[in-house]
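Overview (structure and organization)
Here's the letter readout for the chains.
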Amino acid sequence: MTAPALALVVTTVGRPTEFDRLLRSVLASDVAGQVELVLVDQSPDQSCAAVLERLAPPSAPGALARTARTTSGRGASVGRNVGMGLVRAPVVGFPDDNCWYTSSTLRAVVETFASDGTLAGLSGRQLTESGLPSMLRWRRSTGPITRWNFLHTSIMSTMFFRREDMDAVGHFDESMGVGSAGWYGAGEESDLVLRVLDAGGRVRYDPRIVVLQEEPREDPDERFVTKMLSYGCGMGHLWRLHRLSRPQLLYYAVRKCGAVLLRAARGQRVLARADAAYVRGLVAGVVDRPPRVLRERAGPAGGAEASALPRGPGAARG
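Each value, and the rule that gives it
- Residues numbered from 1 in each chain as written.
- Predicted model: local features only at pLDDT ≥ 70, side-chain atom pairs only at ≥ 80, totals over all residues.
- Heavy atoms only, no water.
- Helix = DSSP H or I, 4+ residues; strand = E, 2+ residues; numbered from the N terminus.
- Rg over C-alpha atoms; globule rule 2.2 N^0.38 Å.
- Buried < 20%, exposed > 50% of the residue type's maximum accessible area, 1.4 Å probe, protein only.
- Contact = heavy atoms within 4.5 Å.
- Salt bridge = Lys/Arg side-chain N within 4 Å of Asp/Glu carboxyl O.
- Patch = residues over 30% accessible without salt bridge, like charges linked within 9 Å, V, L, I, M, F, W, Y side chains within 5 Å.
- Areas by Shrake-Rupley, 256 points an atom, 1.4 Å probe, with all protein chains shown as cover.
- Lys, Arg positive; Asp, Glu negative; His and termini not counted.
- Charge placed at Lys NZ, Arg CZ, Asp CG, Glu CD.
- Polar contact = N/O pair within 3.5 Å; in protein donor to acceptor, adjacent residues only side chain to side chain.
- pLDDT = per-residue confidence, 0-100.
- Core = buried A, V, L, I, M, F, W, Y, C linked by side-chain atoms within 4.5 Å.

**What to know about the overall build of the chain**
- In terms of helices and strands, the chain carries 10 helices and 9 strands.
- What you see for the chain is a C-alpha radius of gyration of 19 Å, in line with the 20 Å of a compact globule of 318 residues.
- C-alpha atoms of the chain, sized along the principal axes, occupy 55 × 40 × 40 Å.
- Each of the 318 residues in the chain was classed as buried or not, and the buried ones make up 55%.

What follows is the structure, encoded as structure tokens:
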């Protein structure tokens, strides 16, 4: 059996149709035989585990280098950390269960890490199936990921890390991310990449590496507003933990406020409210005071407990 060069850890809750599409895109890659897939199915019916068993059973010769499946408590960060315990490959990625790969994506990742032994991390960009930017305003040119540009060069589904660099800085902060027990609904991938950078790791952005995922803002409902509030809380929390640039945060918030006005003028009321909620969340995360609607998630102490993971430069200063 070929030793895997790349591991994909997929954490999912009850989305077998989306996971089926992701898995088929992995199997269609010409480096599928070098890929191990670790599935963390958090749903009671294990519906995605059934998809894995059907499309890539352990007895199937030559499809994937290896598969493994397990379950965990709720939360994307919790699931990814559990999945990391089953990884054998030297490089690991964490695709969303509703993303999928182009025919060249995984080969480009494997070849990039193989050709550069000092690379700690790599990110591509995320597009919709029609080729439009998805979720971020992506940079167009290749270059290093830094504390200044990570918001335009990295998102969880596009990022891949050398496992030894992840092991050195700690894995995911389980108080952050989708489904976490607290009120910080995003920022866990940025927290990880910033810790890798702070430890001296080199992380590269290459927009030629493409991951596909539809834009979640295309058909929003009221749940999207609350989701964006928690996402903003997570990003504000990230800014405070890593002592990121306050002028950069202000610029980011002002742009979001501009988007609120623009969407309201266009009659996009749900999107306008979602952007406004995100800005409220940013402020709440920076001051570490949960919004009323999320206060139950925060527990009796208000804010979530501080992570024991190492933080950015100057974190030891008072």
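**Points about helix H2 (residues 47–55)**
- Burial in H2 covers these residues: Ser47, Cys48, Ala49, Val51 and Leu52.
- On the buried face of H2, the contacting elements are strand E1 (6–12), helix H1 (16–27), strand E2 (35–41) and strand E3 (66–70).

**What about the pattern of salt bridges?**
- Applying the stated criterion across every chain yields a total of 17 salt bridges.
- Between Arg107 and Glu111 there is a salt bridge; the shortest N-O distance is 2.8 Å. Separated by 4 residues within a single helix, Arg107 and Glu111 lie in helix H4 (residues 105–115), roughly one turn from each other.
- You can call Glu111 partly exposed: its relative accessible area is 43%.
- A salt bridge links Arg202 to Asp116; its shortest N-O distance comes to 2.7 Å. One end of the pair, Arg202, is in strand E9 (residues 202–212); the other, Asp116, is in the loop between H4 and strand E6 (119–127), with 86 residues separating them in the sequence.
- A relative accessible area of 14% places Asp116 in the buried class.
- Counted as one network, the salt bridges with shared partners bring together Asp20, Arg24 and Arg54.

**Notes on a positive patch on the surface**
- Together, Arg280, Arg289, Arg292 and Arg295 make up a region of like positive charge exposed at the surface.
- Tracing the backbone through its elements, the reader meets Arg295 in helix H10 (residues 295–298).
- Among the residues examined, Arg295 registers a relative accessible area of 45% and is labelled partly exposed.

**Brief notes about the environment of Ser245**
- If you trace the backbone, Ser245 turns up in the loop between helix H7 (222–242) and helix H8 (246–265).
- Sequence-distant contacts of Ser245, that is, excluding residues within four places in its chain, are made with Trp148 and Trp239.
- From its side chain, Ser245 meets the backbone nitrogen of Gln248 in a polar contact 3.1 Å long.

**With respect to the environment of Gly232**
- Position of Gly232 relative to the elements: it lies in helix H7.
- On the basis of relative accessibility, which here comes to 0%, the residue Gly232 falls in the buried class.
- On a C-alpha basis, the gap between Gly232 and Arg280 in space is 7.1 Å, while along the polypeptide they are 48 residues apart.
- In this structure, Gly232 is in contact with Tyr278, Gly281 and Leu282, ignoring residues within four places of it in sequence.

**Things to note about the confidence of the model for the chain**
- Averaged over all residues, the pLDDT of the chain equals 91, while 91% of them reach at least 70.
- Counting contacts from residues 301–306, a segment whose pLDDT is below 50, to residues more than four positions away or on other chains yields 10 contacts.
- This stretch, residues 310–318, has a pLDDT under 50; its non-local contacts, to residues over four places away or in other chains, come to 16 contacts.

**Comments concerning the nonpolar core**
- Val92, Phe94, Phe150, Met166, Met235 and Trp239 are the most contacted members of the largest nonpolar core, which has 52 residues in total.
- The biggest single contributor to this core is H7, with 8 residues.
- Residues contacting Phe94, with those up to four places away along its chain left out, are Val9, Arg80, Met84, Met156, Ser157, Met159, Met166 and Phe172.
- Ala32, Leu39, Val91 and Val109 belong to the second-largest nonpolar core, a separate cluster that totals 30 residues.

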